[in-house]
Amino acid sequence: SNLALSPPYAITLMELGSAGSILRSMNCHLNHSGVQQYGCSALGNLAVDEDNIIVLMELDAAQAILRAMDRHPDSANLQADAIDALGSLAGDPQTKAVLAMLHASEKVMSAMLLH
């Protein structure tokens with residue numbers, strides 16, 4: 001079972017700095033689609049409440065997810081996990097505006113059309 005899917009555990013994982021670790025791994029392994037895919041999935045799993053979403057957005061998690069989508073357009077599994085993560089981040093109204101500025105919906109549509 002994935003501990004991050006339970007809000008209390010996801011909050012604890014955020015307090016322990018897991019998001020920063022995930023993003024550092026994604027930044028160090030930009031060309032590794034597996035690291036990017038699992039990073040997107042993990043970030044989405046951490047976006048369980050407004051406080052976590054705010055911290056994730058402050059850490060530029062959305063940009064990391066979109067960068068993964070751009071770098072690995074042929075990986076259907078990565079694209080699916082990235083879309084799920086963006087959907088989780090979009091649960092906060094303020095985040096929706098940021099995602100719109102980042103053209104996230106266009107990237108999601110492109111991925112959906114490709115796969």
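Whatever comes next refers back to the structure up there.
Since this is a predicted model, take the numbers as computed values, not measurements.

A. Examining helix H2 (residues 18–28) more closely. Along H2, the positions that sit buried rather than exposed are Ser18, Ala19, Gly20, Ile22, Leu23 and Met26. Its buried side turned inward, H2 meets helix H1 (7–15), helix H3 (33–46), helix H4 (50–58) and helix H5 (61–71).

B. Examining the side chain of Asn52 more closely. Mapped onto the secondary structure, Asn52 falls in helix H4. Only 3.5 Å separates the side chain of Asn52 from the backbone oxygen of Ala10, close enough to count as a polar contact. Filtering out sequence-adjacent residues up to four positions away, Asn52 remains in contact with Ala10, Ile11, Met14 and Leu46.

C. Structural context of the packing of H5 against helix H8 (residues 104–114). Two elements in contact, H5 and H8, have axes separated by 11 Å at closest approach and are oriented at 35 degrees. By crossing handedness, the relation of H5 to H8 is classed as left-handed. On the side of H5, the interface is formed by Leu66, Met69 and Asp70, while H8 contributes Ala104, Lys107, Val108 and Ala111. Tallied by class, residues from the contact of H5 with H8 come to five nonpolar, no polar and two charged.

D. Looking closely at helix H6 (residues 76–89). Compared with the 20 Å implied by 1.5 Å per residue over 14 residues, the 20 Å span of H6 between its first and last C-alpha is a close match. Structurally, H6 contributes buried residues whose contacts are with H3, H4, H5, helix H7 (93–101) and H8.

E. View of the pattern of salt bridges. A complete count under the given rule lists one salt bridge for this structure. One salt bridge connects Asp70 with Lys107, and the closest N-O pair in it is separated by 3.0 Å. Placement of Asp70 in helix H5 and of Lys107 in helix H8 is noted, with a sequence separation of 37 residues between them. For Asp70, a relative accessible area of 46% puts it in the partly exposed group.

F. Main features of the nonpolar core. Counting 29 residues, the largest nonpolar core has Met26, Leu43, Leu46, Leu56, Ile65, Leu86 and Leu89 as its most contacted members. Sort the elements by how many residues they give to this core and H5 lands first, with seven residues. Not counting residues up to four positions away in its chain, the partners in contact with Met26 are Val35, Gln36, Gly39, Cys40, Leu43, Ala64 and Ala68.

What counts, and at which threshold
- Residues numbered from 1 in each chain as written.
- Predicted model: local features only at pLDDT ≥ 70, side-chain atom pairs only at ≥ 80, totals over all residues.
- Heavy atoms only, no water.
- Buried < 20%, exposed > 50% of the residue type's maximum accessible area, 1.4 Å probe, protein only.
- Helix = DSSP H or I, 4+ residues; strand = E, 2+ residues; numbered from the N terminus.
- Contact = heavy atoms within 4.5 Å.
- Polar contact = N/O pair within 3.5 Å; in protein donor to acceptor, adjacent residues only side chain to side chain.
- Axes fitted to C-alpha atoms, helices over the stretch in contact; angles between N-to-C directions.
- Left-handed = near helix turned anticlockwise from the far one by under 90°.
- Nonpolar A, V, L, I, M, F, W, Y, C, P; charged D, E, K, R; others polar.
- Expected span 1.5 Å × (residues − 1).
- Salt bridge = Lys/Arg side-chain N within 4 Å of Asp/Glu carboxyl O.
- Core = buried A, V, L, I, M, F, W, Y, C linked by side-chain atoms within 4.5 Å.

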